[in-house]
Each structure stands twice: as structure tokens, then as C-alpha cells.
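Notes for the structure review
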Amino acid sequence: MTIPLPTKPLLKQRLWIWLLWLAGFYSVWLFLVAGLGYWSTAAAHWPMAVAMAFGSYAAGSTPMGGGTVGFPVLVLLFELPASLGRDFSFAIQSIGMTSASIFILARRQPLAWATLKGAMLGALFGTPLGIFFIAPYIPELWIKLLFAVVWASFGLLHLFRLNEIAGHSGMTDFDERWDFKLGLWIGALAGATVAAVTGVGIDMVLYTALVLICRADLKIAIPTSVVIMAFTSVLGILVKTVSGQGLAPGVFENWLAAAPIVAIGAPLGVFIVAKIGRKPTLLVVATLCVGQFIWTLYSEQQRLGIDGMLWALLAVTACLVGFELLRRWGALLVGERTARAQAKALAEQG
């Protein structure tokens, strides 16, 4: 069964909720920079604000969080520790992706609710476990490589399959319990691994499952991915703060400069992409994802050596094979679902 997209909003939009959120956030930010004297700190980190102007737009208009730009800028361009890139991704997405999520919910945009609820529950348990028991033991170089490999494979998927992915309409509804279990596994595994280690990625994993298995329309899959990344980012920051782990040095300063940009930039991406379409933005971001992989291999060639670079390429290939297997599985499930629906219809007619 394929659930069609509504042709017009079924419920009245409540954008005043998003405006209220913005008023609250900017009041807090102004208190920090004006009341507590952090204006010079924010101004000194203006390059991150400039970088996140594009990053926040990508966060709202694609299934890739703002950390997709923030992580490589800090780690590859500014040559700062990968752990800083991870913590900054959590911190900045807690504002940008949350702002975009409130905007999406206020506009009553369609979401894959059953899968999203499962993913949120899975992330609630998986992300803290990953932060405590996996992320602390991953070397800095491996964090860089994990980010580079996952994003490169994701970019290549879109460069090769974008027309097919963008051609989906509605979403195949297999069974609400099945969709919930799918989200639960994704939230638990992706939260404990890629999100806990790099600060981003659970949105991309959920999105991939929605478009390859459920054949979800981008207008459903991308907003759903934005909401799960917002939830995971806020959770990650809370876990790190409450547990006493704290954030890497430099996160607050960069966050202070970029936060007022992403608070409006990510929702702006949600709005603009609805007018111009998602394909152009996805193509640009996909190309950047592949470019950062090449950049990572070049900058780390001495530590990686030929063997390390070959292993990285093999990892990208393995991810692409995995994507193709998910795509074929989705085609099989959709075919079985359609055949059962047709058989039921014929039986009822007979």
C-alpha cells in the first residue's frame, strides 16, 4: 500500500510556535553576548558562522545535518581534533536542526511517524551507550575516516540514484509495527555508532532506509531525517553535560558564533527547497561529500599509507553494496505488498 502525499495542508499551520522558539533562543543568545560579555568571543570565530550559513541551509533541505559542513571545516580546514568536530556537530545541530524541526512540525508537514517514533526510542538508548562505551575508544584518525567513508558513500548513492530517489511519490506502508521496528533498529545501531562517534549520521541512515526500502517521497523522508537528527543532537548534548564528560575545548566559542545563523538558516532551507526543488541542493551536497573524502585521504596520506587508503576505498564500496542490497530488498517488499493487495482486491470482487 502506498500512502499518497496530501495535496494541501490538512491542518492549520501554527508558525507562531516557531516564532516563539526563535524569540526565546535569540533572547538567550543576546544575554550571553551582551549581558555576559561574550561578543568578542563570538566575533573572533566569524569563519565558522560563515561556513554554517551554507551548512544550516543544507541541514534543513537535505538529509545531512549541519555537522556535514561543520565537521570537515573544523577538522580538515582548521585542522582541529575530530572530537571537537563531533561535539560541535551535536551542539550546533541542537539549535539548527531543532529550529528546523519546530518549523516542520508547525507547518504540519508529513512525516514517517511510525518509523520516526521507533528511531527516537532506539536513539534514546543507543546514543548514550555509544557515547559512554564506543566513542571514547575510537582514535581521532578513525573518527575522520568514519565520517569520510559514510558521507562519501552517501554522496555517491545520490550521484548515481538521485533521479530514481526523487521520483518516489508518497510512501509504501508495510505495517505500522514493522515500520516501528525498522526505526527502532536504525535508531539504536546508528545512534550507538555513527552518531555517537561523529555527531551526525543517524539522519542519513534513517533517510536511506526510507527511500530505499519504503520508497518514501523526499518530502516525507527529508523532514523525518531532520527531526531524528534534532532529537539525537539534543540527547547527545544532554548526555555529555549531565554525565560530566563535557564538551571538547572550543565547542562553545564556535557554537556562540554560528548558533544565531543556524537558528534561522536551517528552517530557511526547509522553506526554500520547497520552492526550488531538492535535486539541485542534493547534487551539490553529494558532490561535497565525495570531495571531503578525497580531501581526507590527501591530508592523511602519510598516516594512512597506501594500505589505509585502499581500505578506505574498500569501505566505501562495501557501503555502496549495502545500499544496493537495501534497494533490492525494498523492491522485493514493495512487490510482495502490491501483489497481496491485488490478490485481496480480486478476492473481494469475486
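Structure: see above.
Everything numeric here is computed off the predicted structure, so don't read it as measured data.

Mapped onto the secondary structure, Val-270 falls in helix α11 (residues 251-276). Aside from chain neighbours lying at most four places away, what touches Val-270 is Gly-60, Ser-61, Ala-100, Phe-103, Ile-104, Arg-107 and Gln-109.

Moving on, we come to the pattern of salt bridges. Across all of its chains, the model carries 10 salt bridges by this definition. Between Glu-164 and Arg-327 there is a salt bridge, with its nearest N and O atoms 2.8 Å apart. Separated by 163 residues along the polypeptide, Glu-164 in helix α7 (residues 140-166) and Arg-327 in helix α13 (residues 301-349) bring together distant segments of the chain. Judged by relative accessible area, Glu-164 falls into the partly exposed class, the value being 29%. With a closest N to O distance of 2.9 Å, Glu-300 and Arg-303 form a salt bridge. A relative accessible area of 7% means that Glu-300 is categorised as buried. The class of Arg-303 is exposed, set by a relative accessible area of 51%. Where salt bridges share partners, they join Arg-161, Glu-164, Glu-324, Arg-327 and Arg-328 into one cluster.

It is worth spelling out the packing of helix α8 (residues 176-198) against helix α9 (residues 202-212) at this point. Contact geometry of α8 with α9 gives a least axis separation of 9 Å together with a crossing angle of 145°. Note that α8 runs across α9; the crossing there is right-handed. Residue-level contacts link Leu-182, Ile-186, Gly-187, Ala-190, Gly-191, Val-194 and Ala-195 of α8 to Ile-202, Val-205, Leu-206 and Ala-209 of α9. Here the contact of α8 with α9 is composed, by residue class, of 9 nonpolar, 2 polar and no charged.

The next thing to look at is the packing of aromatic side chains. What the rule picks out here adds up to 11 aromatic pairs. The interplanar angle of 15° and the centroid separation of 4.3 Å between the aromatic rings of Phe-71 and Phe-147 together place this pair among those described as stacked. On the criterion of sequence distance, the pair formed by Phe-71 in helix α4 (residues 67-77) and Phe-147 in helix α7 is long-range, its members being 76 residues apart. With a centroid separation of 6.2 Å and 20° between ring planes, the pair formed by Phe-252 and Trp-255 is classed as stacked. Of this pair, Phe-252 and Trp-255 both sit in helix α11, 3 residues apart, which is roughly one turn of that helix.

Quick look at helix α10 (residues 218-242) now. Because each turn of an α-helix spans 3.6 residues, side chains separated by three or four positions in sequence point in the same direction. Taking 1.5 Å of rise per residue, the 25 residues of α10 would be expected to cover 36 Å, and the 36 Å separating its terminal C-alpha atoms lies within 8% of that figure. Counting buried residues along α10, 19 of its 25 residues qualify, which places the element largely inside the surrounding structure. In the segment just after α10, Gly-244 is the residue with positive phi, at about 90°.

Quick notes on the rules
Residues numbered from 1 in each chain as written. Predicted model: local features only at pLDDT ≥ 70, side-chain atom pairs only at ≥ 80, totals over all residues. Heavy atoms only, no water. Helix = DSSP H or I, 4+ residues; strand = E, 2+ residues; numbered from the N terminus. Contact = heavy atoms within 4.5 Å. Salt bridge = Lys/Arg side-chain N within 4 Å of Asp/Glu carboxyl O. Buried < 20%, exposed > 50% of the residue type's maximum accessible area, 1.4 Å probe, protein only. Axes fitted to C-alpha atoms, helices over the stretch in contact; angles between N-to-C directions. Left-handed = near helix turned anticlockwise from the far one by under 90°. Nonpolar A, V, L, I, M, F, W, Y, C, P; charged D, E, K, R; others polar. Phe/Tyr/Trp six-rings, centres within 6.5 Å; stacked < 30°, edge-to-face > 60°. Expected span 1.5 Å × (residues − 1).

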